[in-house]
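The primary structure of each chain is shown beneath.
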Amino acid sequence: MENLNAVRATVEEFFEHLGRVIVGQDEMLRQVFGAILCDSNVLLEGYPGLAKTLSVHTIAKLLDLKFSRIQGTPDLMPSDITGTYVLEERNGKRQFTFQEGPVFANIVLMDEINRATPKTQSALLEAMQEKQVTVGTKTFPLERPFFVLATQNPIEQEGTYPLPEAQSDRFLFKVKAIYPSPEQEIEIVNRFAEEWTHPELKPTINKADLARLQRLVRQVPVANDIKDYIVRLISKTRHHKELIEFGASPRASIGLTLASKASALMKGRNYVTKEDVHEMALPVLRHRLILNFEAERNNFDEDAVIQYLLK
Amino acid sequence: MTSVQKALRSVKRKLRVLSLVHSLLLGVIAFLVVYVGGVFFEVDWRVPAAFGGIAALFALARGIKKIQLREAEQRIPRIEWQLRTAEDTLNKDNEVVRSLHEDVLRQVEHIRTSSLLNKRKLLVQVAVACVLFAMVFVLPTVGFTASAVKETTLTGLSTLVNNGGNFFGDDSKDNQKDDGRSLKEGDIERVGGPSADLKLQQSTNEIDLNKVKDEQRLLFTRQSQLQGLGVSADASYEEDISSDQELIERYFKNLEEPE
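Residues numbered from 1 in each chain as written. Chains lettered and ligands numbered in written order. Predicted model: local features only at pLDDT ≥ 70, side-chain atom pairs only at ≥ 80, totals over all residues. Heavy atoms only, no water.

For chain B, the helix and strand inventory stands at nine helices and zero strands. The linear arrangement of helices and strands in chain B, starting from the amino end, is α-α-α-α-α-α-α-α-α. Counting over 259 residues, chain B shows a buried share of 33%. Across chain B, every contact between residues at least 6 apart in sequence was considered, and the portion connecting residues at least 24 apart equals 73%. (Helix = DSSP H or I, 4+ residues; strand = E, 2+ residues; numbered from the N terminus. Buried < 20%, exposed > 50% of the residue type's maximum accessible area, 1.4 Å probe, protein only. Contact = heavy atoms within 4.5 Å.)

Glancing now at the side chain of asparagine 270 of chain A. Assignment of secondary structure puts asparagine 270 of chain A in the loop between α10 (250-266) and α11 (274-285). Residue asparagine 270 of chain A is classed as buried on the basis of its relative accessible area of 1%. Engagement of the side chain of asparagine 270 of chain A in a polar contact is seen with the side chain of serine 99 of chain B, the distance being 3.0 Å. (Polar contact = N/O pair within 3.5 Å; in protein donor to acceptor, adjacent residues only side chain to side chain.)

End to end, helix α5 (residues 95-109) of chain B covers 22 Å across 15 residues, agreeing with the expected 21 Å (1.5 Å per residue, within 8%). Measuring from the side-chain oxygen of the N-cap residue of α5 of chain B to the backbone nitrogen of valine 96 of chain B gives 3.1 Å; that N-cap residue is asparagine 94 of chain B. (Expected span 1.5 Å × (residues − 1).)

The next thing to look at is helix α8 (residues 207-219) of chain A. All names here are of chain A. Across its 13 residues, α8 extends 19 Å between first and last C-alpha, which sits within 8% of the 18 Å expected from 1.5 Å per residue. Considered for burial, the residues of α8 that qualify are Leu210, Leu213, Gln214, Leu216, Val217 and Gln219. Its side-chain oxygen placed 3.2 Å from the backbone nitrogen of alanine 208, asparagine 206 serves as the N-cap of α8.

A few words now on the pattern of salt bridges. All names here are of chain A. Enumeration according to the criterion identifies 25 salt bridges over all chains in this entry. In this structure, lysine 176 and aspartate 303 form a salt bridge, with 3.9 Å as the shortest nitrogen-oxygen distance. Here lysine 176 is found in strand β9 (residues 173-176), whereas its partner aspartate 303 is found in helix α13 (residues 302-310), with 127 residues between them in sequence. On the accessibility criterion, aspartate 303 (16% relative accessible area) is buried. Via salt bridges that share partners, Lys267, Arg269, Asp276 and Glu279 belong to a single interconnected network. (Salt bridge = Lys/Arg side-chain N within 4 Å of Asp/Glu carboxyl O.)

All names here are of chain A. Contact geometry of α10 with α11 gives a least axis separation of 9 Å together with a crossing angle of 130°. On the basis of the axis angle, α10 is oblique to α11. When you trace α10 past α11, the crossing you get is right-handed. In this structure, α10 uses Ala252, Gly255, Leu256, Ala259, Ser260, Ser263 and Ala264 to contact α11, whose residues at the interface are Asp276, Val277, Glu279, Met280, Ala281, Val284 and Leu285. (Axes fitted to C-alpha atoms, helices over the stretch in contact; angles between N-to-C directions. Parallel < 35°, antiparallel > 145°, perpendicular 65-115°, else oblique. Left-handed = near helix turned anticlockwise from the far one by under 90°.)

Residue and element names in this part refer to chain B. Mapped onto the elements of the fold, arginine 16 is located in helix α1 (residues 3-38). We classify arginine 16 as partly exposed; its relative accessible area is 37%. Linking arginine 16 and leucine 60, residues 44 residues apart in sequence, is a C-alpha distance of 8.8 Å. The residues contacting arginine 16, other than those within four sequence positions of it, are Ile64 and Ile67.

The following block contains the structure:
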C-alpha cells in the first residue's frame, strides 16, 4: 500500500504541475492521463481555443516525452504522417534513406483528424493499433510509449471526412473539452493577456516511471462482480433497441475494465469499485454507440443514454 | 492455504455464526406465533415447537447457502470491494495483488463478530419475540383463554342470529335506555307549559338530538330562531337538523293545541 500511496502522490504532483499552465479542464486532463496509463489513445472533441494543444504539449513536457503535431488537412498524404524514402547523396553515392515522419514521436497530436482523407486517417490508425509503421515493404516499430491524441471540431463539418465507427472504436476515450467557468476564464485572461512568465516545467514522471505505472495499471485486480457488471452494461447497449441502433463491441468491455483500473490506481487504490466504472463509462462508451431516430427525436445524446443505462 | 484464504474463511465463519443466531430467533418467533394462534384451537405445544424447529432449520440452511463476503462488506463500508476482490484473485501474484492481500489481512484482524451483526434485523426479531412472549403470559391473565374466546365468539354469534340483524339497537321506547341525558314527557311538563319560553341550557347534553323521532322528548326554545339552533357540547349537535325542523314545529303545534 505504501507503493500505491507513492503512486497517488506522484499523480497528484503531476496534476499540480499541470495546473500551473492549464487552467481548469480537470476532467479532460485526468482522462487523457488515464489513457496514457492504459497505453491507449484519445479522441478529443472540443471547440477551438480550449487549450487542447497546450494541454498535450504540457503533458509531453512533464512526462519527458517527444511531442509532435500534425495538422489535418484534405491534402495531407499518408507519407506526410509516416515518413517516406528520400534520395540522398552521401560520399558521392546516391541512396534512398527513410525520413521519419511526425508519427515517430511518443505523443502525437493530430489536429482535426476528420479533415484528413480516409487514406491518411488509416495510416495513423495503423500506427495507433500496431505501434508500427509500414512504408513500402519495410516495417518500422514505434518507440514506446506511443500515444495519439486526435482532435475533432464539432462545428465546421463541411468538407470533412468523419471517422467511421470501426475506426473511432480504436480510441479508448472520447473526451469532451468544455468551456471554462467565469472564474477560470478570468484566470486565463490574467495569465495569457498580461505579462506572465511561463513556469519552467521539469519532468515529474520519467519514461521508466511511466512504463512502471502502465504495468501497475494492468496488475490492478478486478472482482468478478465488477467484471460481470461491466459486461452486463455493455450488453445493455446492444439490446436497448428503443434508443440504440448499434451498441458497443467487446473492445468496449476491455476498454472500460482497463480505464476503471487506471482510475483506481490514480486514486491510490489497489482494487476497482463500481464508482470507477461509472466514472469511466461516459468517455469509454460515448463514441461507440449509434443512436436511433427515436433518441434523436427526443434530443437524447450519447451521454444521456449512457447515464440512463447506468441507472 | 494462504493466510489471506484463512482470513477470508474466518470472516465467513463469523457470518455463519450470526446466521445461526438469526435462524434460532426466527424459529422462536415461528414457535410463538403458532402457539398464540393455536390458543383458539387448543393445540398441543408440540405442534408450535415443530413449526419453530422447521422454520429455524430452513432459515439456517438458506442463510448458510447465501453467505457471501458481500454481506460483511455491507456491514463495514470501509472494506467494500476489498474482500471480494481478494477472494477472486487468490491465485494471482503481482505487486498490486500482493498489496491488496496485505491490506485485507490487516483489515480482517480488526473485524469482530459484533461488527458483522445486522443490528436492525436483530432488533426487529427480538422485539417481535418479546411481544409474542408477552402475549403468551398476558392473554390468559385478562381472561383471554381458549375457552373464554370460544364462549364469547359463540355468544356473539347467537346474539347476531337472534336479533335478526338489529345490530345497532332499537330506537323504540321500550328499548330506550335511560341514560339521564334525555328529557322525558314528565320533564317537559315540569319545566313549563307550551307557552314557556324555555331557554336552552348550555349544558344541553341532556338533549339528545339523535332521539328526535320521539317528539315528546324534545325541548327547544320557542323562538323563531329555531332555524339557527346552535347547540354544543355534543358532537351530534354538529348535525344538520333542518330535516327535523318539521318535527319540531309539529311538536310545538301539539303543545299549543288545547288538550
